[in-house]
Every structure is written in structure tokens, then in C-alpha cells.
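Secondary and tertiary structure notes
The chain contents come next:
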Amino acid sequence: MIRVFLVLLLVPFWARAQEAPSKDGGVVSTGVVAKSYQALARRLHLKGVSLSEQSRYPEALKVLKEAYSLNPNHPEISLSLAYVHKLLGNRAAAERRLRAAIKLAPGRVEAAQKLAALLATNKATPYELAEASTLLERVREQLGNRADIIRQQAQVAALRGLENEAIEFYRHLLKLQP
């Protein structure tokens, strides 16, 4: 947090030094400040991931929140935050971060698959299970007939009480993995 504070304190002075005169006598920023924020966010993100790999989840969460404060539009930071929140038992925060990652990068389906897994639990509401099913359909459309996706679809169908649909998913899975 101290690093972020120092960056925020020094950026106005540094930004002045990075400005160049324009042809009309005004000032044009070179964009170095924005790149420095992104670089710091990237370093903090990597540090947070490293801490989570060491099972130091509270520290990882703190560092990842710093990275997010510097670059809230980076889907990987949102995914990492979701992962750590989930491990710390904060399901609601994990869900918010996964939804943010989906909005930031709708074409990348990793976040959608992770959200489906988060939603599809024994305590899930029918609405959550239906949403998980829809998310997995989208994931499968983009990634194809991968065993992990079909297995998730079968599990969601079973949780929804759709036994015949679950059986069909498992049959399809057996054809892929005899």
C-alpha cells in the first residue's frame, strides 16, 4: 500500500516532466504515466499470484487489491482476485470479480467456466444452476467437446434434477474417454 501511495504522490510531478510542448503551444502527455501504472499493476499482480501459490492468501489478497486499484480493467487481475476470494471463503466477492472479468474480456471463457463452477453447488438456487448451465453451453461452443466442460455440464444437469440430460452428458463423456 505504501508503494501505491508513493506512486500516487509522485505521479503529478513525474507527469509534468514527461509532458512535451505541442505545435500550438500547449502540452501533450507522452502516456508514460499510464504505462507506469500498468507496469506497477503487472508487478503487483505477479507478486499476488506468487503469494497465493505459497498459500499466503491474506497477503495475496492485499497485494492483488493494490494491483486492481491501479488497473481495474485487467481481466487477469480480476480472475486472480476471484481465486483468492474463493479460497478465503468469500463467495460473493469471488462472484463479483468473475463477473467483472467476463465483462472485461467476454471472448475469454475461462472466467465463465469458473463462474459456472462457483454457482453450481449443492446449495445453489434454481436460477444459479440455470445460469451455470447457460455459461457452460457458451464455454463449450467456444472450446469444443472438452471432457472437463462436459463433466461440469453433467454435474449441473444432475444438480438441476435433469437426470436424462445428465446421463446423456456422461454418455458423451464416455465416448471421449473410454
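These notes cover the structure that comes with them. (Residues numbered from 1 in each chain as written. Predicted model: local features only at pLDDT ≥ 70, side-chain atom pairs only at ≥ 80, totals over all residues. Heavy atoms only, no water.)

Looking at the overall build of the chain
Each helix and strand counted, the chain has nine helices and two strands in total. Counted from the first residue to the last, the chain has its helices and strands arranged as α-β-β-α-α-α-α-α-α-α-α. The buried share of the chain, taken over its 178 residues, is 39%. Across the chain, contacts joining residues at least 24 apart in sequence account for 45% of those joining residues at least 6 apart. Only carbon and sulfur atoms are counted for the fraction: they give 58% of the accessible area of the chain, which is about 10800 Å². (Helix = DSSP H or I, 4+ residues; strand = E, 2+ residues; numbered from the N terminus. Buried < 20%, exposed > 50% of the residue type's maximum accessible area, 1.4 Å probe, protein only. Contact = heavy atoms within 4.5 Å. Areas by Shrake-Rupley, 256 points an atom, 1.4 Å probe, with all protein chains shown as cover.)

Remarks on empty space enclosed by the protein
With the rule as written, the count across this model stands at one cavity of 30 Å³ or more. Estimates place the volume of the largest cavity at around 40 Å³. Of all the secondary-structure elements, those providing two or more residues to the lining of the largest cavity are helix 4 (75-87) and helix 6 (110-119). A class-by-class count of the residues in the lining of the largest cavity yields five nonpolar, no polar and two charged. (1 Å grid on protein atoms, 1.4 Å probe; cavity = no way out; pocket = protein on both sides within 12 Å on 5 of 7 lines; lining within 4 Å. Points joined across faces, edges and corners; volume = space filled by probe spheres on them. Nonpolar A, V, L, I, M, F, W, Y, C, P; charged D, E, K, R; others polar.)

Let's talk about the pattern of salt bridges
With the rule as written, the count across this model stands at 10 salt bridges. Between R56 and E59 there is a salt bridge, and its shortest N-O distance comes to 2.7 Å. Residues E76 and R108 are paired through a salt bridge, measuring 2.3 Å at the closest nitrogen-oxygen approach. Highlighted residues: E76 in helix 4 and R108 in the loop between helix 5 (91-104) and helix 6, separated in sequence by 32 residues. Linked by salt bridges that have partners in common, R91, E95, R99, E128 and E131 make up one network. (Salt bridge = Lys/Arg side-chain N within 4 Å of Asp/Glu carboxyl O.)

Brief notes about the layout of surface pockets
Space inside the largest pocket adds up to approximately 310 Å³. If you trace the largest pocket, you find 17 residues lining it, with L79, S80, A82, Y83 and K114 closest to the centre. Looking at the lining of the largest pocket, the elements with two or more residues in it are helix 2 (32-53), helix 4, helix 5 and helix 6. The biggest single contributor to the lining of the largest pocket is helix 4, with seven residues. Its residues assigned to classes, the lining of the largest pocket comprises 10 nonpolar, three polar and four charged.

Section: the nonpolar core
What tends to happen in soluble globular proteins is that the nonpolar side chains get buried as a cluster. If you look at the biggest cluster of nonpolar residues, it comprises 22 residues, and the most contacted ones within it are L98, A111, L115, A132 and L135. Looking at this core, the elements that each hand over two or more residues are helix 4, helix 5, helix 6, helix 7 (126-143) and helix 8 (147-159). When residues of this core are assigned to their parent elements, the largest contribution, six residues, is made by helix 6. With residues near it in sequence (within four places) discarded, L98 still touches L79, A82, A111, K114, L115 and L118. Residues L44, L51, L70 and L81 belong to the second largest nonpolar core, which totals 14 residues. (Core = buried A, V, L, I, M, F, W, Y, C linked by side-chain atoms within 4.5 Å.)

Brief notes about helix 8
With 13 residues, helix 8 extends 18 Å from end C-alpha to end C-alpha; this agrees with the ideal 18 Å at 1.5 Å per step. Within the span of helix 8, buried status applies to A147, I149, I150, Q152, Q153, A154, V156 and A157. Those residues of helix 8 that are buried lie in contact with helix 6, helix 7 and helix 9 (163-176). Positive backbone phi, at 80°, marks G161, one or two positions downstream of helix 8. (Expected span 1.5 Å × (residues − 1).)

Let's talk about the side chain of S80
Assignment of secondary structure puts S80 in helix 4. Look past the residues within four positions of S80 in its chain and what remains in contact with it is H45, V49 and L64.

Some remarks on the environment of N164
Along the polypeptide, N164 turns up in helix 9. Counting along the chain gives 10 residues from N164 to A154, while the straight-line C-alpha distance between them is 9.8 Å.

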